[in-house]
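# Analysis of the macromolecular model
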Amino acid sequence: MAESSTYAIGVDFGTESARSVLVRLADRAEIETATHLYEHGVMTETLAASGEKLAPNTALQDPDDYLVALEKVVRAVVDRSGVDPEQIVGLGVDTTACTIVLTDDDLVPLPRSPRWKKHPLAYARLWKHHAAQSHAEEINRAAEAEGGLFLPQYGGRLSSEWVLPKALQTLRDDREVYDATSRIIEQEDWIVSTLVGTEVRGASVAGFKGNYREEAGGYPSPEFLNSLEPGFAGVLDKLGHEFLTPGESAGTLTSEWATRLGLDTHVTVAAGNIDAHAAFLGAGAAQPGTMVAVMGTSVCNLVVSKEHRTPRGIQGVVKNGILPNHWAYEAGQAGFGDTFGWFARNMTSADIADLASISATSTFEVLESKAKALQPGGSGLIVLDWMNGNRSTLIDSNLSGAIVGLTLDTRDYHIYRALLEGAAFGQRIILEAFEEAEVPIDRFIVCGGIPAKSPLLMQILADVIGMPVEVSSSANTSALGAALHGAIAAGELTWESAGKAESAIATVYRPNPTAHEAYNEIYTHYRAIHDTFGIDQRSLMHSLREIQANSTH
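Residues numbered from 1 in each chain as written. Predicted model: local features only at pLDDT ≥ 70, side-chain atom pairs only at ≥ 80, totals over all residues. Heavy atoms only, no water.

## Details of the overall build of the protein
Convention followed: Going along the chain from the N terminus, every DSSP run of H or I of four or more residues is numbered as a helix, and every run of E of two or more is numbered as a strand. Within these notes, the globule rule equals 2.2 Å times the number of residues to the 0.38 power, and the radius of gyration is based on C-alpha atoms. Exposure is judged per residue with a 1.4 Å probe applied to protein chains only, and the accessible area is read against the type maximum: over 50% gives exposed, under 20% gives buried, and values in between give partly exposed. Contacts were defined at the residue level, with two residues in contact if any of their heavy atoms lie within 4.5 Å. Computed with the Shrake-Rupley method and a 1.4 Å probe, the accessible areas treat only the protein chains shown as cover for residues.
When helices and strands are counted, the protein shows 19 helices and 20 strands. Computed over the C-alpha atoms, the radius of gyration of the protein is 23 Å, within 12% of the 24 Å expected from 2.2 N^0.38 for a compact globule of 553 residues. On the principal axes, the C-alpha backbone points of the protein span a range of 65 × 55 × 50 Å. When each of the 553 residues of the protein is scored for burial, the buried share is 59%. The long-range share in the protein, meaning contacts at least 24 apart out of those at least 6 apart in sequence, stands at 73%. Within the structure as shown, the protein displays about 20,800 Å² of accessible surface, and the carbon and sulfur contribution to it stands at 49%.

## Some words on the side chain of Gln 133
What counts is decided by this rule: Between N or O atoms, a polar contact is any pair within 3.5 Å; within protein, one atom must be a potential hydrogen donor and the other a potential acceptor, and residues adjacent in sequence are included only when both atoms are from side chains.
Positionally, Gln 133 belongs in helix 2 (residues 133–145). The buried category is assigned to Gln 133, whose relative accessible area is 3%. Engagement of the side chain of Gln 133 in a polar contact is seen with the side chain of Ser 397, the distance being 2.3 Å. The contacts of Gln 133, once residues within four sequence positions are left out, are Arg 157, Ser 160, Asp 396, Ser 397 and Asn 398.

## Some details on the pattern of salt bridges
Test applied: The term salt bridge refers to a side-chain nitrogen of Lys or Arg lying within 4 Å of a carboxyl oxygen of Asp or Glu.
With the rule as written, the count across this model stands at 23 salt bridges. Residue Glu 176 pairs with Arg 115 through a salt bridge whose shortest N-O separation is 3.0 Å. Linking Glu 176 in helix 4 (residues 175–180) with Arg 115 in the loop between strand 6 (100–103) and strand 7 (124–125), this pair joins segments that are 61 residues apart in sequence. Looking at Glu 176, the relative accessible area reads 44%, which means it is partly exposed.

## As for the domain arrangement of the protein
Quick note on the threshold: These domain limits were set by an automatic method or by a database of domain assignments. As a working definition, buried area equals the accessible area (1.4 Å probe) given up by two parts on being put together, with both sides summed. Gly counts as polar in this scheme, as do all residues outside two lists: the nonpolar Ala, Val, Leu, Ile, Met, Phe, Trp, Tyr, Cys and Pro, and the charged Asp, Glu, Lys and Arg.
Taken as a whole, the protein is organised into domain 1 (7–271), domain 2 (285–335 + 430–513) and domain 3 (339–422 + 514–551). Here the C-alpha centroids of domain 1 and domain 3 sit 32 Å apart. Contacts between the two partners involve 14 residues from domain 1, matched on the other side by 10 residues from domain 3. Roughly 910 Å² is buried in total at the junction of domain 1 and domain 3, and carbon and sulfur atoms are behind 43% of that figure. Where domain 1 packs against domain 3, one counts 1 salt bridge. With its nearest N and O atoms 3.4 Å apart, the salt bridge here joins Glu 161 to Arg 391. The class makeup of the residues in the side of domain 1 that touches domain 3 is 4 nonpolar, 6 polar and 4 charged.

## Brief notes about the side chain of Thr 410
As for its position among the elements, Thr 410 is in the loop between strand 17 (402–404) and helix 13 (412–436). Polar contacts involving the side chain of Thr 410 include one to the main-chain amide nitrogen of Thr 407, which spans 3.0 Å.

## Remarks on the nonpolar core
Across soluble globular proteins, you tend to see nonpolar side chains buried next to one another. Spelled out, the test is: Within this scheme, the nonpolar core is defined by two criteria: the residues are buried Ala, Val, Leu, Ile, Met, Phe, Trp, Tyr or Cys, and they are joined through side-chain atoms within 4.5 Å.
Counting residues in hydrophobic clusters, the biggest one holds 62 residues, and the most contacted among them are Met 295, Phe 434, Phe 444, Val 446 and Val 469. With 12 residues, helix 13 is the single largest residue contributor to this core. Taken domain by domain, this core gets at least three of its residues from each of domain 2 (285–335 + 430–513) and domain 3 (339–422 + 514–551). In this structure Phe 444 touches Met 291, Ala 293, Asn 301, Gln 427, Leu 431, Leu 461, Ile 465, Met 467, Pro 468, Val 469 and Glu 470, once residues within four positions along its chain are discounted. Counting residues in hydrophobic clusters, the runner-up holds 41 residues, among them Ala 18, Ala 69, Leu 70 and Ala 250.

## Brief notes about the pairing of strand 19 (residues 469–472)
This is how the line gets drawn: Pairing between strands is defined by DSSP: at least two bridges between them are needed.
Of the two faces of strand 19, both are covered, the one formed by Val 469 and Val 471 as well as the one formed by Glu 470 and Ser 472. As paired strands, strand 18 (residues 443–447) and strand 19 are joined by 2 bridges and run parallel to one another. Among the inter-strand pairings, Val 446 is bridged to a residue of strand 19, identified as Val 471.

## Examining the packing of aromatic side chains
The cut-off we apply is this: When the centres of two rings from Phe, Tyr and Trp lie within 6.5 Å, Trp using its six-membered ring, the rings pair. Their planes under 30 degrees apart give stacked, over 60 give edge-to-face, and anything left gives tilted. Charge-over-ring placement is defined geometrically: NZ (Lys) or CZ (Arg) within 6 Å of the ring centre, and within 35 degrees of the ring normal.
Summed over the entire model, instances satisfying the criterion amount to 15 aromatic pairs. Taken together, a centroid distance of 6.3 Å and an interplanar angle of 75 degrees make the contact between Phe 13 and Tyr 66 edge-to-face. Highlighted residues: Phe 13 in strand 1 (residues 7–13) and Tyr 66 in helix 1 (residues 63–81), separated in sequence by 53 residues. Accessibility expressed as a relative area gives 1% for Tyr 66, which makes it buried. The interplanar angle of 75 degrees and the centroid separation of 4.9 Å between the aromatic rings of Tyr 212 and Tyr 219 together place this pair among those described as edge-to-face. On the basis of relative accessible area, Tyr 219 is assigned to the buried category, the value being 15%. Linked through ring pairs, Phe 336, Phe 340, Trp 342, Phe 343 and Tyr 416 together constitute an aromatic cluster. Over the face of the ring belonging to Trp 116 we find Arg 115, whose NZ or CZ atom lies 4.0 Å from the ring centre.

## Focus on the sheet that holds strand 13 (residues 299–305)
Operational definition: Axes here mean lines fitted to C-alpha atoms, for a helix over just the part in contact, with angles spanning 0 to 180 degrees between N-to-C directions.
A sheet is described by the order of its strands in space; here 7 strands give the open sequence 14-15-13-12-18-19-20, paired in mixed fashion. Either end of the sheet is taken by a strand with one partner, and the two such strands are strand 14 (316–319) and strand 20 (505–509). Looking at each pair of strands side by side, their axes are set apart by 25 degrees on average, direction ignored. Pairing of strand 12 (residues 290–295) with strand 18, which is carried by 5 bridges, proceeds in the parallel orientation. Paired with Ala 293 across the bridge in strand 18 is Val 446. Helix 15 (residues 455–465) contacts strand 12, strand 18, strand 19 and strand 20 of the sheet and is inclined by roughly 145 degrees relative to strand 19.

## So, helix 10 (residues 337–346)
Taken together, the buried positions of helix 10 are Gly 337, Thr 339, Phe 340, Gly 341, Phe 343 and Ala 344. Of the surrounding secondary structure, the elements contacted by the buried residues of helix 10 are helix 12 (363–372), helix 13, helix 14 (450–453) and helix 15.

## Description of the state of the cysteines
Rules: Any two cysteine sulfur atoms within 2.5 Å of one another count as a disulfide.
Scanning all chains against the criterion turns up 0 disulfides. No disulfide involves Cys 98; its sulfur sits 13 Å from the nearest other cysteine sulfur, which is in Cys 300. Cys 98 gets classed as buried once you look at its relative accessible area, which sits at 0%. Free of any disulfide, Cys 447 has its nearest cysteine sulfur in Cys 300, 9.7 Å distant.

## Considering unusual backbone geometry
Residue Cys 98 is reached from Ala 97 by a cis peptide bond, and omega for that bond is 5 degrees. With respect to the helices, strands and loops of the structure, Cys 98 is situated in the loop between strand 5 (88–95) and strand 6. One non-glycine residue, Asn 211, adopts positive backbone phi at about 65 degrees. Here Asn 211 lies in the loop between helix 6 (203–209) and helix 7 (222–228). For Ile 395, which is not a glycine, the phi torsion comes out positive at approximately 50 degrees. With respect to the element layout, Ile 395 can be found in the loop between strand 16 (382–384) and strand 17.

Here is the structure:
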């Protein structure tokens, strides 16, 4: 089949919704897109099935919401585009990670059964489910006592977001659910397995989020796991042991799913992808030295290298994790768009709301306008943007945010400006960690929803890091990358040809030398505050979280 007559579909499963894009492979044009919100959203306060109050730092989803959204968004792009389904050859899927789904032997998710519908830990646990932090800390201490084991490959600390802490939480907090679980499977793997009718697992997500180290013989040993909790080695029977690499075919659509999606059974489904990792290829960054920062509710920073290094505080390094024959590195910030949204919803004054109403603009646009008038450091504030914990480089979800420098003259737009600066300082810390480890970064591309929404943040970021910030013109970079993986799996594209499919750069923000110099001075104060609360006095924020968790209010 000639490339000029073929198409692929990418489906990006985000935190709140799924988005699809239909891509024409001849010129990589995005022909049609569609989105669908998950019916039950993210359950953080109460369980939808029972109204039960959930524990602090919980983030659950109903796995069946993913399948409803999948059917809606794929059918929408096929129907609206008018493209003959015979011409669609590949389908790629990317999801948040680590988001785990608990299933029975037939990959049926537990909450589909009335028996488990009222058990919170039976539900999919989203990447931002941080209620397993104490279990992550215990795993870290045990690994350190054994000389570090796998920890150097994950920046020195295991995150509470990952598979083993979440599995250990299940074992301890709801043994019935744990025993009823035959498979603990990543969201991306579960969706792909459902589409092709057989269990398949991806090597990348197993390496980054499941502590599977191919070069070290696999998962942590049964002896180590049992030292954490007697019988915990049994978790190995619930995880995957045979894996597909990125761009590899998982199979073709089953008859049932071809019908549900309005496609043909010849469509090849690619191995699943982590959402940000798919965006790496979608942004055309198929070479070492280019960092891609995927900016949405959180940030994921990605770079590849021919060399194996162990930067401090990263989320992981996995061979062949993104591109063949390269080591893939991941870092990031746990709160980004979430933080700005929280501030706009809860912390803005009536004056800002009135201005937005009068000018028929959004709260964000008013905040941007007023914050833009301030000079670097003009707010008099420094913010630690840890409202959702710290992912890199401290890897501690029990840290919390801080605003330093408040006075009676402080206004909401001062805080907003400081929030943007704090987010940019967090990116600088990540870049410095890679530089210290001799993983060179010579190009910085951003994509996702935030760059278009906050030009001010992009300029501040360029000024803080002292290098150009290139914004991808595609609004669907992860879905585009997923579609390209589908095309590779179908044999329609090679890695080389897919890597040339660069998204046009819409805007380049270049650092202002005067602002960069000013931010260098402010950054020294930021680092002092960062190290005080995040390293030297870490227990202060931990104690506040514990007090909150134990409160009756």
